[in-house]
Amino acid sequence: MTEKEALKHNPIFEDQPESVLDRFLGLAQKETYPAENIFYMDQSEYDKIHCVLDGTITVDMILTQEAGVPVKLESGDLFGLEALIQVGTPVMNSTLRAETEVTVLTWKVLDWQTICEQDPAVGYAVVLNIARLLHQRIRHWQISLLDNMSWGIE
């Protein structure tokens, strides 16, 4: 998957014109990490946003471990987005580990904030789409956790 296709694949950028994608891509760094690389540990501070281009990243959270619900990030998935909306220094709420060799696009959170502040229409669309994506993830995980936990109820 090309860099632009990866961004188009993600709901954060689904309604954005090519020129906006190009602005974001112009600030990204392409990086490759080996399998088993730890991107972030639970409760670690971070200041970057990533988009998976190739490979798989496992997201380990206490709730997903207890319920046996694996969470995987693959091509086109973004992580670190919460840094745009958290107050203060962003803290990761999970451990992210490369399951395979992984290639990602990486941005400084400050670069995303600058684009969003320079173009309020883009900023509004990005933040709205982040809120929608986070809502979908929370709802999906909630349903999965409840479903898996209900199997243990007699």
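The structure we're discussing is the one just above.
In this convention, every chain numbers its residues from 1, walking through the sequence in written order. For this predicted model, a pLDDT threshold of at least 70 governs which residues receive local features, and a threshold of 80 or more governs which side-chain atom pairs are given and counted, while totals over whole chains, interfaces and linings are taken from all residues. To get the side-chain values, all heavy atoms of the structure are used, and hydrogens and water are removed first.

Undergrad: Is there a simple way to think about the overall build of the protein in this case?
TA: Every helix listed is a DSSP run of H or I at least four residues long, and every strand listed is a run of E at least two residues long, numbered separately from the N terminus. When you go through the protein residue by residue, the secondary structure sums to 5 helices and 8 strands. Beginning at the N terminus, the succession of helices and strands in the protein can be written as α-α-β-β-β-β-α-β-β-β-β-α-α. Burial classes follow relative accessibility: with a 1.4 Å probe on protein chains only, a residue under 20% of its type's maximum area counts as buried, one over 50% as exposed, and anything between as partly exposed. Counting all 154 residues of the protein, 41% fall into the buried class. Residue contacts are defined here by distance: any two heavy atoms, one from each residue, within 4.5 Å place the two residues in contact. Across the protein, every contact between residues at least 6 apart in sequence was considered, and the portion connecting residues at least 24 apart equals 82%.

Undergrad: Just checking my understanding: could you explain helix H2 (residues 18-27) for this structure?
TA: The α-helix winds at 3.6 residues per turn, so residues separated by three or four positions along the chain end up facing the same way. Burial in H2 covers these residues: Val 20, Leu 21, Phe 24 and Leu 25. The arc that holds every buried residue of H2, seen down its axis, measures 135°, which confines them to one face. By arc we mean the arc of the directions from the helix axis to the C-beta atoms, nothing more.

Undergrad: Where do I start with the packing of aromatic side chains in this structure?
TA: Centre-to-centre distance and the angle between the planes together describe a pair of aromatic rings. When the centres of two rings from Phe, Tyr and Trp lie within 6.5 Å, Trp using its six-membered ring, the rings pair. Their planes under 30 degrees apart give stacked, over 60 give edge-to-face, and anything left gives tilted. Tallied over the entire structure, the rule returns 8 aromatic pairs. Residues Phe 24 and Trp 112 carry aromatic rings whose centres are separated by 4.8 Å and whose planes lie at 70° to one another, so their mutual orientation is edge-to-face. Of this pair, Phe 24 sits in helix H2 while Trp 112 sits in helix H4 (residues 109-118); the two residues are 88 residues apart in sequence, bridging distant segments of the chain. Clustering of aromatic rings is evident, with ring pairs tying together Tyr 33, Phe 39, Tyr 40, Tyr 46 and Phe 79.

Undergrad: Which parts of the structure should I look at to understand the side chain of His 50?
TA: Turning to its location among the elements, His 50 is positioned in strand E3 (residues 48-54). Judged by its relative accessible area of 3%, His 50 falls in the buried class. Pairing of N or O atoms within 3.5 Å defines a polar contact, subject to two protein rules: one partner must be a possible hydrogen donor and the other a possible acceptor, and residues neighboring in sequence count only if both atoms are side-chain atoms. A polar atom in the side chain of His 50 sits 2.7 Å from the side chain of Tyr 40. Ignoring anything within four residues of it in the chain, the contact list for His 50 reads Tyr 40, Asp 77, Leu 78, Phe 79, Val 104, Leu 105, Thr 106 and Trp 107.

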